[in-house]
Protein chains: 2
Amino acid sequence: MKCRKCGETAVINMRQHKLALCADHFGQWVPAQVEKSIHKYKMFTPEERVLVAASGGKDSLALWDILLRLGYHADGLYLGLGIDGGFDYSGESQRKCEAFVSKFESSNNPEVASPDSWTPTLHILSIPELYGASIPQAAQRVQRGRGKPCSVCGLIKRHEMNRIAHDLGYSALATGHNLDDEAAALFGNTMTWQVGYLARQGPVLPAQDGFARKIKPLCRLYEREMAAYCLVRGIDYIYEECPYSLGATSIAHKELLAELERRSPGARQNFYLSFLKAKEEGFLDDHQVPPARMHACERCGQPTTAPDLCAFCRLWVRVKSQE
Amino acid sequence: MKCRKCGETAVINMRQHKLALCADHFGQWVPAQVEKSIHKYKMFTPEERVLVAASGGKDSLALWDILLRLGYHADGLYLGLGIDGGFDYSGESQRKCEAFVSKFESSNNPEVASPDSWTPTLHILSIPELYGASIPQAAQRVQRGRGKPCSVCGLIKRHEMNRIAHDLGYSALATGHNLDDEAAALFGNTMTWQVGYLARQGPVLPAQDGFARKIKPLCRLYEREMAAYCLVRGIDYIYEECPYSLGATSIAHKELLAELERRSPGARQNFYLSFLKAKEEGFLDDHQVPPARMHACERCGQPTTAPDLCAFCRLWVRVKSQE
């Protein structure tokens, strides 16, 4: 297989685009695709500062790398969750993020199209240090040992990412969700016709009072393309999935969509992009869930529909009471 | 596994209903489910005459059997398509329909809750005899040997079923689509977000000027339940699929949904029924395709959007010109 651009040996063949590229041209093609998505979905402008939710995995580090190469002011946020899984999962993830950002700290890294001497910052937050319990510990206490900590983890991450993005004045919080992730989430919501969730799903969730804008710049790229991008760019990321992700519904949905894609290349992309197109054309416009009446949480100040404390603060009250 | 109703050995376990039943109770449960669907979706009333599209397969013969047992006036229509496939597929199918209806021709069949001496009629129509070419021949001529005859077959069947239902004064045309069929069709339309098709999909397509009402009384029953029903009721049907159905997209979609169902019993049912529920609640109301301006086909009189001849009549003009 030859590179469509230069005829050299291709490193990747993207059947859904009928496009094979060599390492160099693939390394240029990916950021160009991301730039297109940023414009198409009006994610943010060059004047705005973006906070990348960096997990140490391939998607978030690739995203951060791409935004920096495109010349955007993108900092990172690593949330230490205190997950061990027998191999210090959280510690390893953090070290991958630190190693990534350290490459940009030399003042004149020619690969970063930064107009000034600015270098990206990695903000690090440790949930166990800040709140006195790791995610598994918190989940264990409130769930009394039943089930996985994933919903507790999601609640905590959403709250803390939003808090930091808001408090540090970032215009948008960027996550590394790729097309496979988005298609799997869409598939899940579609299999049960959660119309309210469908109406909210998209590459941009606009800011609301007290909530940062959420953006997904990788939403048109396949997961395997992000892995290939990390390889081509020499980005070292954590290969292991979160030890709690095993058996997650989203993984089952990804497998089904992968099967659909094997039978019909491009089917997964078509599923997601035709959904976005139908939405642009007004499908679901009338099914936006009306914004609930929000007020500030008495403890943390973030918007909540609950009468006194938000779900995050209520969680920690319960965790403390179980100590 | 024991029957939930009587404790006898169960012949089927329906995991999506958490219900196991013996042969007798399953044979009663299926018609009760169909009766519920007929009422729930306002398909037709006991005063109305229904025409069952009988193919000789398990679904259509089970449907006809169920409607007769429920006391409805249901006749059948067999369309001879002239498909051979090396084993006289069409001839075999017709013989299954004839054998089925002949059981009801004895004047006092106690299993048919008919209030009078009425017995069901099987109308038989032969496409090759009426139009001078079988479906494969017609498709061969207009497609010049390319591709499968399925779209030509669909066009012809829709036209002729509608014509007979209309000309013979039936209130509704009932097809044997089961939940697996409907979920697969929904899946196909969802994978490409065909909003117009989604808006039209449902257990009832109301009559329009010149078009008979279309109903799908088996839409809440799984395919395996229909096979089990035929077994329990001693209905002899044609086991072979149409020889042209191999590799159809709808079969691939059925396999994916079957995989989803294996992982999570009830997922397929939930997918279809939650879609119907969302539609009932107004989802897609604004996306009904406005009725196109129709006028009568110059040749057959059926409504069409085309300027002179409808697609069916144009097809036969082309077939004749290729003789």
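From a predicted model like this one, the values you see are computed outputs, not experimental measurements. (Residues numbered from 1 in each chain as written. Chains lettered and ligands numbered in written order. Predicted model: local features only at pLDDT ≥ 70, side-chain atom pairs only at ≥ 80, totals over all residues.)

Per the secondary structure count, chain A includes 12 helices and 10 strands. Its C-alpha radius of gyration of 20 Å places chain A within 12% of the 20 Å reference for a compact globule of 323 residues. Its C-alpha atoms put chain A at 65 × 50 × 40 Å along the principal axes. Every one of the 323 residues in chain A was classed for burial, and the buried ones make up 37%. (Helix = DSSP H or I, 4+ residues; strand = E, 2+ residues; numbered from the N terminus. Rg over C-alpha atoms; globule rule 2.2 N^0.38 Å. Buried ≥ 20, exposed ≤ 12 C-beta atoms within 10 Å, placed from the backbone.)

Moving on: the environment of V50 of chain B. All names here are of chain B. For V50, the location among the structural elements is in strand β3 (residues 49–53). We classify V50 as buried; it has 24 C-beta atoms within 10 Å. Residues V50 and C150 lie 100 residues apart in sequence; the distance between their C-alpha atoms is 26 Å. Discounting chain neighbours no more than four positions away, the residues touching V50 are F44, L67, Y72, H73, A74, Y170, S171, A172 and A174. (Contact = placed C-beta atoms within 7 Å.)

For the rest of this paragraph, the subject is the domain arrangement of chain A. Residue and element names in this part refer to chain A. On domain assignment, one finds that chain A holds domain 1 (27–289) and domain 2 (293–323). On the side of domain 2, 10 residues touch domain 1, which itself brings 14 residues to the contact. Put simply, the parts of the chain that give the side of domain 1 that touches domain 2 at least two residues each are α5 (135–143) and α6 (150–167). Its residues assigned to classes, the side of domain 1 that touches domain 2 shows 8 nonpolar, 3 polar and 3 charged. (Domains from an automatic or database assignment. Nonpolar A, V, L, I, M, F, W, Y, C, P; charged D, E, K, R; others polar.)

Another aspect to go through is the nonpolar core. If you look at the biggest cluster of nonpolar residues, it comprises 164 residues, and the most contacted ones within it are V50 and V52 of chain A together with V50 and V52 of chain B. Setting aside residues up to four positions removed in sequence, V52 of chain A forms contacts with S60, L63, W64, L67, A74, D75, G76 and A174 of chain A. (Core = buried A, V, L, I, M, F, W, Y, C linked by C-beta atoms within 7 Å.)

Taken together, the contacts link 19 residues of chain B with 19 residues of chain A. Where the side of chain B that touches chain A is concerned, the elements lending two or more residues are α7 (179–191), α10 (249–263) and α11 (267–280) of chain B. Element by element, the count of residues in the side of chain B that touches chain A is highest for α11 of chain B, at 6 residues. Looking at the side of chain B that touches chain A residue by residue, the class counts come to 11 nonpolar, 5 polar and 3 charged.

Let us look at the packing of helix α2 (residues 58–69) of chain B against helix α9 (residues 223–233) of chain B. Residues and elements named next belong to chain B. It is the contact of α2 with α9, at a shortest axis distance of 9 Å, that shows an interaxial angle of 60°. Classified by the interaxial angle, the pair formed by α2 and α9 is oblique. Note that α2 runs across α9; the crossing there is left-handed. Contact with α2, carried on its side by K58, D59, L61, A62 and D65, involves M226, A227, Y229, C230 and R233 of α9 and no other residues of that element. (Axes fitted to C-alpha atoms, helices over the stretch in contact; angles between N-to-C directions. Parallel < 35°, antiparallel > 145°, perpendicular 65-115°, else oblique. Left-handed = near helix turned anticlockwise from the far one by under 90°.)

Residue and element names in this part refer to chain A. Ordered by their spatial adjacency, 6 strands build an open sheet running β5-β4-β3-β6-β8-β7, and the pairing between neighbours is mixed. The open sheet has two edge strands with one neighbour each: β5 (122–126) and β7 (204–205). Sheet topology places β7 next to strand β8 (residues 213–215); 2 bridges connect them, and they run antiparallel. Paired with V204 across the strands is I215, a residue of β8. (Pairing = 2+ DSSP bridges.)

Attention shifts here to the packing of α5 of chain A against α6 of chain A. All names here are of chain A. Contact geometry for α5 and α6: axes closest at 9 Å, N-to-C directions at 120°. Here α5 lies oblique to α6, going by the angle between them. Remark: the crossing between α5 and α6 carries right-handed chirality. Where α5 approaches α6, its residues I135, A138, A139 and V142 are matched on the opposing element by V152, C153 and I156.

Another aspect to go through is the pairing of strand β4 (residues 73–80) of chain B. Residues and elements named next belong to chain B. Most of β4 is tucked away, with 7 of its 8 residues classed as buried. Sheet topology note: the β3/β4 ladder contains 5 bridges and is parallel. Residue pairing in the sheet places V52 in a bridge with G76 of β4. Both β4 and strand β5 (residues 122–126) contribute to a ladder of 5 bridges, which runs parallel. Note that in β5 the partner of L79 across the bridge is L125.

Note on placement: W193 of chain A falls in the loop between α7 (179–191) and α8 (195–200). Sequence-distant contacts of W193 of chain A, defined by excluding residues within four places in its chain, comprise S274, F275 and A278 of chain B.

Right, let's talk about the relation of the copies chain B and chain A for a bit. Rotating chain B by 180° about the axis while translating it 0.0 Å along that axis superimposes it on chain A, leaving an RMSD of 0.0 Å. This pairing of chains is accounted for by a two-fold axis. Identified as the residue of chain B closest to the rotation axis by C-alpha distance is L256 of chain B, at 3.4 Å. When the interface residues of chain B are mapped onto chain A, 100% of them are again interface residues, pointing to one common binding face. (Least-squares fit on C-alpha atoms with pLDDT ≥ 70 in both.)

All names here are of chain B. Taken together, 6 strands build an open sheet; the order of strands is β5-β4-β3-β6-β8-β7 and the sheet is mixed. At either end of the open sheet lies a strand with only one pairing partner, and these are β5 and β7 (204–205). The sheet contacts of helix α6 (residues 150–167) involve β3, β4, β5 and β6 (172–174), and relative to β4 the element is tilted by about 140°.

A few words on the environment of K216 of chain A. For K216 of chain A, the position within the fold is in the loop between β8 and α9 (223–233). With 178 residues separating them in the primary sequence, K216 of chain A and I38 of chain A have C-alpha atoms 8.7 Å apart.

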